[in-house]
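# Fold and contact review
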Amino acid sequence: MTGHLVDASALGWLGVRSRPGRSAMSALGVALGIATVLLVTGIPASGQADLDRRLSAMGADMLVAQVAALEGSTVAFPEEAAAMARRIGPVTFGSAVANLHSKVMRTPFADPNESAGISVLAATPDLVPAVRGEVATGTFLTEATRGLPAVVLGAAAARWLGLSTFDAAHPVQVFVAGERFTVVGVLAPMPLAPELEQAVFVGDEFARSHFGFDGRPTVVYLRAVESEISAVRDVLPATLAPSTPGLVSVSRPADVLAAKEATHGTFAALFLGLAGVALLVGGIGVANTMVVSVLERRREIGLRRALGARRHDVRLQFLIEAVLLSLLGGAGGTLVGMVGTVGYAALRGWPVVLPWATVAAGLAGAVVIGALAGLYPAVRASRTSPTEALAAV
Amino acid sequence: MTVLRLTGVVKEHPGGVRALRGVDLVVEQGEDLAIVGPSGSGKSTLLHIMGTLDRPTRGTVELAGQDTGAMTDTELSRARARNLGFVFQQSHLVDRLTAVDNVATGLLYAGTRRRERRALAEVALERVGLAHRRTHWPSQLSGGERQRVGIARALVNRPALILADEPTGALDQATGRQVLELFGELHAEGATIALITHDPTVAATFGRRVEIRDGELLDGVVA
């Protein structure tokens, strides 16, 4: 029986390679379908792997708490909010900022309305580790500078102020609420806290002495042991604002970012649908080729029947030929899909994730498509009367 | 021993055309039989029925002592694979197979093992004098050589009966004569051959001759 299948497979393969051009063309549809399936699963999988990698690098251990702004009122946390947060066991870093509702400008003559978008925050020196931030150039606020007119710029704010290439050796100054501040540092981009990228930071003590800042923060940033993050999240509102815990909203930036990227996944379903259509068309292409082939090869069928081939042998030969044709397309599509995925991932600097389950499913699908497509032509071939087949010219 | 026995064979084609009207024919082992008839005399139909490629409307066909009328397609196919060898006007070689692989195709459905098929095909190819052409492609062979490869394919399974349908019809006279000489040699070695032709000069080289006309065999032409 195995020898029988080997013989039938050899015949099927003979049929495929006897008409290489036609075989390639009819396998193309299946190849396109399989390649699409692989690309639409492999590329998002690689993207997801990259996102996961970035998120864990950026920190899934970060929480942001703020007070829901009630209309017409400025609410803030108690003065000691950051310190209270730090006292929660699993919390490793905690810091707070307060929006000073002020404006920053390069010169005192600039139009105040053009500075919109950059917020001025009062900050403490412990902010940078609490937001997994990094100082790109210069320094952040220190114990020494928190009481002085010094300012640190977020990455986006620096860009908007034209100070991206700030050089610590040549200090520059900016104006906050008409006061002259020396820029002492610029922060690196912080994808998990984009609102901080668009801010400039002044020392909390200087803000108290010159801006009438009451010391009550508006946003608390903290980091905690990752496995305890939900527990921390639960107790945070009551800890930060014991009197009004219901007004405190806590978010985890990593979740927000993940959710944002996940919405891109909805397109995958559309492309998978297209791939399905391509596979269907591919299957019809294979069936079409086989029907033509059966008509053309009637004399071969007649000869084989004369040599003792049973109907079953003829049916099997054409069925296997269709399966091989489809499998050929499947293999080609797999190759294209894998090269495409690897290439795209390399281009984007993503880690390559090849969906092996999809590869296996794709090849199995190609076999099924080939079998379905070959069924009708194969039955037709086997029903060809040997005498008519031999009489055909 | 009787290789093939046709008794009262009638074949009606759809539409009421009677191609054969009661044919009785016995082929004994070791015979060389030529069936001669003009085109339209029903000789192709007769060959198809002798070769069990077609079933008679009435009458019986016994191949190697067995009634083929009751056989299923599978049994009939097996009987063909074991007992019959066909030679056609066109050699019907597979272009993508070498001469020896084309000959081995004659054993593909006979249940012979792959390896043995090759060896037996080499022997058969040597028998028709084409051992030196074994790895050649059909396109590299002359018409006569192709037909001899076809004959090797027909005799590779050592059939009880070789059926030939105008085997020289597509060949020039000299080449055709060589092919007929080959049939003569095979017969001399003990093969049973039944050939169908429209050409009396071809039939003349055969030991027993039967004429077919309008679907009936004419007796008394045995020379």
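Residues numbered from 1 in each chain as written. Chains lettered and ligands numbered in written order. Predicted model: local features only at pLDDT ≥ 70, side-chain atom pairs only at ≥ 80, totals over all residues.

Before going further, it helps to spend a moment on the overall build of chain A. Per the secondary structure count, chain A includes 14 helices and eleven strands. The dimensions of chain A, computed from C-alpha atoms along their principal axes, are 110 × 45 × 35 Å. Within chain A, the fraction of its 393 residues that count as buried is 44%. Contacts in chain A between residues far apart in sequence, at least 24 positions, make up 83% of those at least 6 positions apart. (Helix = DSSP H or I, 4+ residues; strand = E, 2+ residues; numbered from the N terminus. Buried ≥ 20, exposed ≤ 12 C-beta atoms within 10 Å, placed from the backbone. Contact = placed C-beta atoms within 7 Å.)

Attention now goes to the overall build of chain B. Of the regular secondary structure elements, chain B holds seven helices and ten strands. Here the C-alpha atoms of chain B give a radius of gyration of 17 Å, agreeing with the 17 Å that 2.2 N^0.38 yields for 223 residues. Principal-axis analysis of the C-alpha atoms places the extent of chain B at approximately 45 × 40 × 35 Å. The burial tally for chain B puts 48% of its 223 residues in the buried class. Across chain B, every contact between residues at least 6 apart in sequence was considered, and the portion connecting residues at least 24 apart equals 70%. (Rg over C-alpha atoms; globule rule 2.2 N^0.38 Å.)

Soluble globular proteins: nonpolar side chains tend toward being buried together. Among the nonpolar cores identified, the biggest contains 108 residues, and Val103 and Ala152 of chain B are the most heavily contacted of them. If near-sequence neighbours (up to four positions away) are discounted, Ala152 of chain B is found in contact with Val103, Ala124, Leu125, Arg127, Val128 and Leu130 of chain B. Listed in part, the 65 residues of the second largest apolar core include Ala65, Ala130, Val202 and Val232 of chain A. (Core = buried A, V, L, I, M, F, W, Y, C linked by C-beta atoms within 7 Å.)

Interface size is commonly expressed as the accessible surface area that is lost when the partners come together. According to the domain assignment, chain A consists of domain 1 (2-55 + 265-391) and domain 2 (61-254). Placing a centre on the C-alpha atoms of domain 1 of chain A and another on those of domain 2 of chain A gives a separation of 59 Å. (Domains from an automatic or database assignment.)

A few words now on the packing of helix 12 (residues 311-348) of chain A against helix 13 (residues 356-383) of chain A. Residue and element names in this part refer to chain A. Contact pair helix 12 / helix 13: the axes reach a minimum separation of 7 Å and the direction vectors enclose 150°. Considering how the two elements wind past one another, helix 12 and helix 13 form a crossing that is right-handed. For the contact of helix 12 with helix 13, the residue count by class is 19 nonpolar, eight polar and three charged. (Axes fitted to C-alpha atoms, helices over the stretch in contact; angles between N-to-C directions. Left-handed = near helix turned anticlockwise from the far one by under 90°. Nonpolar A, V, L, I, M, F, W, Y, C, P; charged D, E, K, R; others polar.)

Here we come to the sheet that holds strand 3 (residues 32-36) of chain B. All names here are of chain B. Taken in spatial order, the six strands line up as 6-7-8-3-9-10 in an open sheet, and their pairing is mixed. Strands with a single pairing partner mark the edges of an open sheet, and in this sheet they are strand 6 (84-87) and strand 10 (216-218). In this sheet, adjacent strand axes meet at a mean angle of 25° when their direction is disregarded. For strand 7 (residues 161-165) and strand 8 (residues 193-197), the ladder comprises four bridges, and the chain directions are parallel. Residue pairing in the sheet places Asp165 in a bridge with Ile196 of strand 8. (Pairing = 2+ DSSP bridges.)

Once that is clear, we can look at unusual backbone geometry. Residue and element names in this part refer to chain B. At Ala64, a residue that is not glycine, the phi angle is positive and equals roughly 50°. In this fold, Ala64 is placed in the loop between strand 4 (58-63) and strand 5 (66-67). A positive phi is found at His92, a non-glycine position, where the angle reads about 55°. By secondary structure assignment, the location of His92 is in the loop between strand 6 and helix 3 (99-104). Look at His92 and you get buried, because 22 C-beta atoms sit within 10 Å.

Now for the sheet that holds strand 4 of chain B. Residue and element names in this part refer to chain B. Pairing is antiparallel across the open sheet formed by four strands, whose spatial order is 2-1-4-5. Each having just a single partner strand, strand 2 (17-28) and strand 5 make up the two edges of the open sheet. With five bridges connecting them, strand 1 (residues 2-13) and strand 4 associate as antiparallel partners. Bridge pairing in strand 4 links Val10 to Arg58. Each of strand 1, strand 2 and strand 4 is contacted by helix 1 (residues 43-50), which is oriented at about 130° to strand 1, the strand it contacts most.

So, on to the interface of chain A and chain B. Contact residues are listed per partner, giving 17 residues for chain A and 21 residues for chain B. Counting residues per element, the ones that place at least two in the side of chain A that touches chain B are helix 1 (2-18), helix 11 (298-306), helix 12 and helix 14 (386-391) of chain A. Broken down by element, the residue count for the side of chain A that touches chain B peaks at five residues, all from helix 1 of chain A. Residue composition of the side of chain A that touches chain B, grouped by class: six nonpolar, four polar and seven charged.

Turning our attention to helix 2 (residues 73-83) of chain B. Along helix 2 of chain B, the residues classified as buried are Leu76, Ser77, Arg80, Ala81 and Asn83 of chain B. Contacts from the buried residues of helix 2 of chain B go to helix 11 of chain A together with strand 4, strand 6 and strand 7 of chain B.

To continue, consider the pairing of strand 8 of chain B. All names here are of chain B. Among the five residues that make up strand 8, five are buried, leaving the element largely enclosed by the rest of the structure. The alternating pattern of strand 8 places Ile193, Leu195 and Thr197 and Ala194 and Ile196 on opposite faces, both of which are buried. Relative to strand 8, strand 3 runs parallel, the two being bridged by five bridges. Along strand 8, the bridge assignment pairs Ile35 with Ile196. At this point the chain moves from strand 7, through helix 6 (residues 173-188), to the parallel strand 8, and the crossover so formed is right-handed. (Right-handed = clockwise from strand over helix to strand, strands pointing away.)

Residue and element names in this part refer to chain A. For helix 13, which comprises 28 residues, the first-to-last C-alpha distance of 40 Å matches the rise-based estimate of 40 Å (1.5 Å per residue) to within 8%. Along its length, helix 13 shows its largest kink, about 40°, at Leu375, and proline Pro377 lies within four residues downstream of that point. Taken as a whole, helix 13 has its buried residues at Gly362, Gly365, Ala366, Ile369, Gly370, Ala373, Gly374, Pro377, Ala378, Ala381 and Ser382. (Expected span 1.5 Å × (residues − 1). Bend = angle between axes of the 7 residues up to and from the residue.)

Another point: the confidence of the model for chain A. Per-residue pLDDT for chain A has a mean of 83; in total, 92% of the residues score no lower than 70. Mean pLDDT across the elements of chain A ranges from a minimum in helix 9 (residues 253-262) of chain A, with 69, to a maximum in helix 12 of chain A, with 93. (pLDDT = per-residue confidence, 0-100.)

What follows is about the pairing of strand 4 of chain B. All names here are of chain B. Bridging between strand 4 and strand 5 involves two bridges; their strand directions are antiparallel. Within the sheet, the bridge partner assigned to Leu63 lies in strand 5 and is Gln66. From the end of strand 4 to the start of strand 5, which pair antiparallel, there are two residues, and Ala64 there has a positive phi angle of about 50°.

This brings us to the packing of helix 5 (residues 143-155) of chain B against helix 6 of chain B. The relative placement of two packed helices comes down to the angle between their axes together with the axis-to-axis distance. Residues and elements named next belong to chain B. Packing of helix 5 against helix 6 brings their axes to within 9 Å, and their N-to-C directions diverge by 20°. Here helix 6 runs roughly parallel to helix 5, going by the angle between their axes. Two packed elements cross with a definite hand, and for helix 5 against helix 6 that hand is right-handed. Of helix 6, the residues touching helix 5 (which contributes Gly143, Gly144, Gln147, Arg148, Ile151 and Leu155) are Thr175, Gln178, Val179, Leu182 and Leu186. Grouping the amino acids of the contact of helix 5 with helix 6 by side-chain chemistry returns five nonpolar, five polar and one charged. (Parallel < 35°, antiparallel > 145°, perpendicular 65-115°, else oblique.)

So, on to the environment of Met50 of chain B. Mapped onto the elements of the fold, Met50 of chain B is located in helix 1. Exposure remark for Met50 of chain B: the 23 C-beta atoms within 10 Å place this residue in the buried category.

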